[in-house]
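Listed below, chain by chain, are the residues.
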Amino acid sequence: MAHVSDLIATDIEAYLHQHERKGLLRFITCGSVDDGKSTVIGRLLYESKMLFEDQVAAIEADSKKFGTQGGEIDFALLVDGLAAEREQGITIDVAYRFFSTDRRKFIVADTPGHEQYTRNMITGASTADAAVILIDARKGVLTQTRRHSYLVSLIGIRNVALAINKMDLVDFSEATFRAIEADYRAFAARIGLENITAIPLSGLRGDNMVERSARTPWYKGPTLMEFLETTEVDEDRLQGEPFRLPVQWVNRPNLDFRGYCGVVTAGVVRPGDRVRVLPSGRESTVTRLVTPTGDLPEAVAGQSVTMTLADEVDISRGDVIATADAPPEVADQFECTVVWMADEPLLPGRPYLLKIGARTVSATVTDAKHKVNINTMEHLATKALALNEIGVCNIAIDRPIAFDPYRANKDTGGFILIDRMTNNTVGAGMIHFALRRSHNIHLQHLDIDKRARAQLKGQHPVVLWFTGLSGAGKSTIANLVEKRLHALGRHSYLLDGDNVRHGLNKDLGFTEADRVENIRRVAEVAKLMVDAGLIVLTAFISPFRSERALARSLLGENEFVEIHVDTPLDVAESRDVKGLYKKARRGELRNFTGIDSPYEPPEQPDLRVNTVETTPEQAAELVIEKLRGLGLLDP
């Protein structure tokens, strides 16, 4: 095979054809602060001849301005692209770089070493096939080394290069190298990392980076570049797994063609193979594998195809087409590991969107089992997860989905959590297994339904959700509204915040997590009462928009009316019938809404009642008129 530089000079088309057919390895580098991650990557770029002359000139100039090597080329500056990184000499964001050799193409993610950037590292590692974990030969295995190794194991990276860097600063001592290697392998065995290749390096001087160093005659293993060129790519392994194709798009250009488009995430498929569509369970036979350049005799993991089937099967975006002999599981409740990436904490009971493959569903964390101290591997009891924390949780979703355990298939076992209000990605998760209850508990069909119960009562069932600060007048107005409904012969029930906490929610306090659970339970009870045909009034502070959105989502169209009892804080505090504001001001009552816990007012309530301008009786009349205006209460 002609050398790359020769091909570029003599036959550019042959070079491009050869380049196109190379395999691609994605890998990450990680380690403690100042272990030399960016220097190692910079050296790889430099040695692989992937820099243009103007880039070399620029890096030489930047080395004099920002460099840490006394005027010599500072290879770290090739990767540390942010001004803050260059000025501080650290890596903050994930920096992606591309390079290639005669044998393979590479995308490297230089991930930050600081604990506060854990979410950045998880992002960089999510698509990686291998990891290069750097250790400073002078310092050995540190707490951050263990933390990053745990994250590498968690994210499912199987191939690890243990790059013991800065060997030039310990005189290339074999004893130092062997001691660090033994220490690390003992730890790695505890977290399930097995395929480890230890390499003595000097990223600054280039020892064992691309060529074997004469200064380590005792080392017989591969150089770092040899490791990267020969390590197994995850797609190669996945080709031996059962076939999976998450459907991204149903292609229907005309009446004579219906194709199902997506990327094969595991296995091999051929025309004539028997497949099953999940979650429906329908089976059919593959007839064609269509691509823009013609039909394929087979498709393997990593390829994008359009599949046609022999039968008319109801398939939509987010379904999974799988081999009929070994299909994925289908469930709506799982145990999983969650990495939390948002400033606002993860709270059980709070509704989120869960995106797995091309499918998005509503999800709720039903139980936070424990969080992991990623420095000591200790499991700690918790009710919530804060930014950069990792925990094991149970999650329930609103419909069954097809999945594989994350360890078997990242694409069908990994998901993200999305904030319903902002659409920001707030967490990443890895499914362990389906909860037994998801297979054993099924909805029982009932012949008498909500419509029949409502017809018997002669009314439209609905939830009137009163929200506002303590002292705003929610309970007073809701009580007056129920008296009016009772006088009109309507069947109703008032769920009041204080009353509910004497029974159903007696076990809950006033932390943010408990408040979320308080409203979740009330919303579920209100849903059952609406199903019974009742008009339900709820009088709760319900301070968070997310939980009010959850309550609305549980009910059907025209079954939820949000009423904001709008009262300024100073007015509500001046009323203070129960003396709660005074206690909160003295520090005797923590997490009190309006004082040291936020209230998120509705942005678009169905009705806003200003209690400064209206009396409780007038406010109650406004609610009755609103119900009539919506057609929910007959004149």
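Residues numbered from 1 in each chain as written. Predicted model: local features only at pLDDT ≥ 70, side-chain atom pairs only at ≥ 80, totals over all residues. Heavy atoms only, no water.

Draft legend 1. Inspection of the overall build of the chain at higher detail. Helix and strand counts for the chain come out as 20 helices and 27 strands. Burial status across the chain gives 52% buried among its 635 residues. Restricting to contacts in the chain with at least 6 residues of sequence separation, those with at least 24 account for 72%. A total of about 29400 Å² of accessible surface is found on the chain, and carbon and sulfur atoms cover 50% of it. (Helix = DSSP H or I, 4+ residues; strand = E, 2+ residues; numbered from the N terminus. Buried < 20%, exposed > 50% of the residue type's maximum accessible area, 1.4 Å probe, protein only. Contact = heavy atoms within 4.5 Å. Areas by Shrake-Rupley, 256 points an atom, 1.4 Å probe, with all protein chains shown as cover.)

Draft legend 2. Representation of the nonpolar core. Core analysis: the largest hydrophobic core is formed by 66 residues, its most contacted members being F27, I28, V152, Y184, L224 and L228. Setting aside anything within four residues of it in sequence, one finds I28 in contact with A109, T111, M121, G124, A125, A128, A130, A131, V132, V152 and I157. Counting 25 residues, the second largest nonpolar core, distinct from the first, contains V338, I401, F403 and F415. (Core = buried A, V, L, I, M, F, W, Y, C linked by side-chain atoms within 4.5 Å.)

Draft legend 3. Structural view of the state of the cysteines. Taken as a whole, this structure holds zero disulfides when the rule is applied. Here C393 is not cross-linked by a disulfide; its sulfur's nearest cysteine counterpart is in C336, at 6.0 Å. (Disulfide = S-S within 2.5 Å.)

Draft legend 4. Examining the pairing of strand β17 (residues 351-356) more closely. As paired elements, β17 and strand β18 (residues 359-373) share six bridges and run antiparallel to each other. Each bridged residue has a counterpart across the sheet, and for P351 the counterpart in β18 is T364. Turn length for the β17-β18 hairpin, with the two strands adjacent in sequence and antiparallel, is two residues, and the turn residue G357 shows positive phi of about 65°. (Pairing = 2+ DSSP bridges.)

Draft legend 5. Fine view of the pairing of strand β6 (residues 195-200). Extensive coverage of β6 is indicated by the burial of five of its six residues. Bridge count for strand β5 (residues 159-165) against β6 is six bridges, and the pairing is parallel. What sits directly across from L162, in β6, is A198. What joins β5 to β6 is helix α8 (residues 174-191), and the crossover it makes is right-handed. (Right-handed = clockwise from strand over helix to strand, strands pointing away.)

Draft legend 6. A look at helix α17 (residues 545-553). Of all the positions in α17, only S546, E547, R548, L550 and A551 are classed as buried. Its buried side turned inward, α17 meets β17, β23 (462-467), α16 (512-531) and β26 (560-566).

Draft legend 7. Here's a closer look at the sheet that holds strand β14 (residues 304-309). Read from one edge to the other, the open sheet built from seven strands follows the order β7-β15-β11-β12-β14-β9-β8, with strand pairing classed as antiparallel. Pairing within the sheet leaves two strands with one partner each, and these edge strands are β7 (244-246) and β8 (249-254). Geometrically, the sheet is characterised by an average inter-axis angle of 40° between neighbouring strands, direction not taken into account. Looking at chain direction, β8 and strand β9 (residues 257-263) are connected through four bridges and run antiparallel. Note on β9: the bridge partner recorded for N254 is F257. (Axes fitted to C-alpha atoms, helices over the stretch in contact; angles between N-to-C directions.)

Draft legend 8. How the structure looks around helix α6 (residues 118-125). Of all eight residues in α6, six are buried; the element is thus mostly enclosed. Residues T118, N120, M121, I122, G124 and A125 constitute the buried set of α6. Buried-residue contacts for α6 involve β1 (23-31), β2 (95-100), β3 (104-110), α7 (143-155) and β16 (329-340).

Draft legend 9. Inspection of the sheet that holds β3 at higher detail. Taken in spatial order, the six strands line up as β2-β3-β1-β4-β5-β6 in an open sheet, and their pairing is mixed. Only two strands of the sheet have a single partner each, and these edge strands are β2 and β6. Pairwise comparison of adjacent strand axes, ignoring direction, gives a mean angle of 25° for this sheet. Of the pairings in the sheet, the one linking β1 to β3 comprises seven bridges and is parallel in character.

Draft legend 10. Quick peek at the packing of aromatic side chains. Following the criterion strictly, the structure yields ten aromatic pairs and no others. Three or more aromatic residues joined by ring pairs make a cluster, and in this case those are F27, F99 and F106. If you follow R146 out to its NZ or CZ, it ends over the ring of F187, 5.8 Å from the centre. Sitting above the plane of the F544 ring, R350 keeps its charged end 5.0 Å from the centroid. (Phe/Tyr/Trp six-rings, centres within 6.5 Å; stacked < 30°, edge-to-face > 60°. Lys NZ or Arg CZ within 6 Å of the ring centre and 35° of its normal.)

Draft legend 11. Region of the structure containing the packing of helix α14 (residues 474-487) against helix α20 (residues 616-629). At their nearest, the axes of α14 and α20 sit 9 Å apart, and the two run at 55° to each other. The orientation of α14 with respect to α20, classified from their angle, is oblique. α20 is crossed by α14, and the crossing has right-handed handedness. Between α14 and α20, the residues in contact are T476, I477, L480, V481, R484 and L485 and P616, E617, A619, A620, E621, V623, I624 and L627, respectively. The residue makeup of the contact of α14 with α20, split by class, is ten nonpolar, one polar and three charged. (Parallel < 35°, antiparallel > 145°, perpendicular 65-115°, else oblique. Left-handed = near helix turned anticlockwise from the far one by under 90°. Nonpolar A, V, L, I, M, F, W, Y, C, P; charged D, E, K, R; others polar.)

Draft legend 12. A look at unusual backbone geometry. Between L278 and P279 the backbone carries a cis peptide bond, its omega angle lying at 15°. Tracing the backbone shows P279 in the loop between β11 (274-278) and β12 (283-290). Backbone geometry at N208 places phi at a positive 60°, although glycine is not the residue there. Along the chain, N208 turns up in the loop between β6 and α9 (224-230).

Draft legend 13. Summary view of the confidence of the model for the chain. Residues with a pLDDT of 70 or more make up 87% of the chain, whose mean pLDDT is 85. Note on residues 82-91: pLDDT is under 50 here. Beyond four places in sequence and across chains, it has 24 contacts. (pLDDT = per-residue confidence, 0-100.)

Draft legend 14. Just the environment of L44, in detail. Positionally, L44 belongs in helix α3 (residues 37-47). In sequence terms L44 and L224 are 180 residues apart; their C-alpha atoms lie 9.1 Å from each other. The contact partners of L44, leaving out residues within four places of it in the chain, are F27, F99, M209, L224, M225 and L228.

Draft legend 15. Geometry of the packing of α7 against α8. The N-to-C vectors of α7 and α8 enclose an angle of 40°; their axes lie 10 Å apart at closest approach. Classed by the angle they form, the pair α7 and α8 counts as oblique. The crossing of α7 and α8 is right-handed. Contacts between α7 and α8 involve T145, R146, S149, Y150 and S153 from the former and D183, Y184, F187 and I191 from the latter. Class assignment of the residues belonging to the contact of α7 with α8 gives a composition of four nonpolar, three polar and two charged.

Draft legend 16. Up close: the pattern of salt bridges. Per the stated rule, a full pass over the model turns up 32 salt bridges. D136 is the partner of R138 in a salt bridge, and the nearest nitrogen-oxygen pair spans 2.7 Å. Its relative accessible area of 47% is what places R138 among the partly exposed residues. Residues K450 and E559 are paired through a salt bridge, measuring 2.8 Å at the closest nitrogen-oxygen approach. Of this pair, K450 sits in helix α13 (residues 450-457) while E559 sits in the loop between α17 and β26; the two residues are 109 residues apart in sequence, bridging distant segments of the chain. Using a relative accessible area of 27% as the deciding quantity, one classes K450 as partly exposed. Among the charged side chains, a network of salt bridges with common partners joins E174, R178, E181 and R185. (Salt bridge = Lys/Arg side-chain N within 4 Å of Asp/Glu carboxyl O.)

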